[in-house]
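Results of the structural survey
The chain contents come next:
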Amino acid sequence: MNFIALPKTAIPTIDKSDVIKGHNWALISIDTHADWPELPESVIQSDQFKGVLKLHFADINRPLLTYILFDDDHAKQILEFYNKIKNDITLLVVHCQAAISRSPAVCAALSKIEGQSDEYFFNTAHPNSLVYRKLLEVNER
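Residues numbered from 1 in each chain as written. Predicted model: local features only at pLDDT ≥ 70, side-chain atom pairs only at ≥ 80, totals over all residues. Heavy atoms only, no water.

1. Examining the overall build of the protein
- Regarding its fold elements, the protein presents 5 helices and 4 strands.
- Going residue by residue from the N terminus, the α and β elements of the protein occur as β-β-α-β-α-β-α-α-α.
- Its C-alpha atoms give the protein a radius of gyration of 14 Å, within 12% of the compact-globule value 14 Å for 141 residues.
- With the principal axes as the frame, the protein shows a C-alpha extent of 40 × 35 × 25 Å.
- Split into buried and exposed, the 141 residues of the protein put 46% on the buried side.
- Taking as baseline every contact in the protein between residues at least 6 positions apart, the subset at least 24 positions apart corresponds to 71%.
- For the protein, the accessible surface area stands at approximately 7500 Å², while carbon and sulfur atoms represent 48% of it.
- Each charge sign in the protein was given a centre, from 14 positive and 18 negative side chains, and these centres are 3 Å apart. (Helix = DSSP H or I, 4+ residues; strand = E, 2+ residues; numbered from the N terminus. Rg over C-alpha atoms; globule rule 2.2 N^0.38 Å. Buried < 20%, exposed > 50% of the residue type's maximum accessible area, 1.4 Å probe, protein only. Contact = heavy atoms within 4.5 Å. Areas by Shrake-Rupley, 256 points an atom, 1.4 Å probe, with all protein chains shown as cover. Lys, Arg positive; Asp, Glu negative; His and termini not counted. Charge placed at Lys NZ, Arg CZ, Asp CG, Glu CD.)

Set out below in structure tokens:
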């Protein structure tokens, strides 16, 4: 399985990139304010596109004002979505605002769950420790 973290700005033009070419793929879309980018119609209609999960939580590691903290329910949603589509895809694209913290954390955790190395995501980004840890914990239950 291939995992890639992308910034939010890459999603509206993903059909023009080489990232998804040759892959059956799915998307996990993460946004702090539930303002998810629109996918191009050509992507939605494509036989290679297998689905999207939209999640709303902030890039924080502890409660802060009115921001939504990543929790067990978010982790369960990710794991349920992934387990449902993983046999139909070769690529999972995960996006957040900048692809620095939340999306690399999801990619790193799913890589580890799949028995793959998570090292790439820790060497090229700063995965959110709460998201990473909670996904692994919920998966173990």
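Alright, that's what it looks like, and here's the rest.
2. Some details on the sheet that holds strand 1 (residues 2-7)
- Ordered in space as 1-4-2-3, the 4 strands form an open sheet in which the pairing is parallel. In the strand order of this sheet, the two ends are held by strand 1 and strand 3 (49-56), each with one partner. Geometrically, the sheet is characterised by an average inter-axis angle of 15° between neighbouring strands, direction not taken into account.
- Sheet topology places strand 1 next to strand 4 (residues 91-96); 6 bridges connect them, and they run parallel. When the sheet's bridge partners are listed, Ala-5 is paired in strand 4 with Val-94.
- The sheet contacts of helix 2 (residues 72-85) involve strand 1, strand 2 (25-31), strand 3 and strand 4, and relative to strand 3 the element is tilted by about 180°. (Pairing = 2+ DSSP bridges. Axes fitted to C-alpha atoms, helices over the stretch in contact; angles between N-to-C directions.)

3. A short note on helix 5 (residues 129-140)
- In this model, helix 5 (12 residues) spans 17 Å end to end at C-alpha, consistent with the 16 Å of a helix rising 1.5 Å per residue.
- Within helix 5, burial applies to Leu-130, Val-131, Tyr-132, Lys-134, Leu-135, Leu-136 and Val-138.
- In the core, the buried residues of helix 5 are packed alongside helix 2, helix 3 (102-113) and helix 4 (119-124).
- Two to three positions downstream of the cap, the backbone nitrogen of Leu-130 sits 2.9 Å from a side-chain oxygen, assigning the N-cap of helix 5 to Asn-128. (Expected span 1.5 Å × (residues − 1). Polar contact = N/O pair within 3.5 Å; in protein donor to acceptor, adjacent residues only side chain to side chain.)

4. Things to note about the pattern of salt bridges
- The final tally for this structure, using the stated rule, is 7 salt bridges.
- Its salt-bridge partner being Lys-8, residue Asp-31 comes within 2.9 Å of it at the nearest N-O pair. Note that Asp-31 is positioned in strand 2 and Lys-8 in the loop between strand 1 and strand 2, a separation of 23 residues in sequence.
- Asp-72 is paired through a salt bridge with Arg-141; the nearest N and O atoms lie 2.7 Å apart. One end of the pair, Asp-72, is in helix 2; the other, Arg-141, is in the segment after helix 5, and 69 residues separate them in sequence.
- Residues joined by salt bridges that share partners form a network here, namely Lys-8, Asp-31 and Asp-35. (Salt bridge = Lys/Arg side-chain N within 4 Å of Asp/Glu carboxyl O.)

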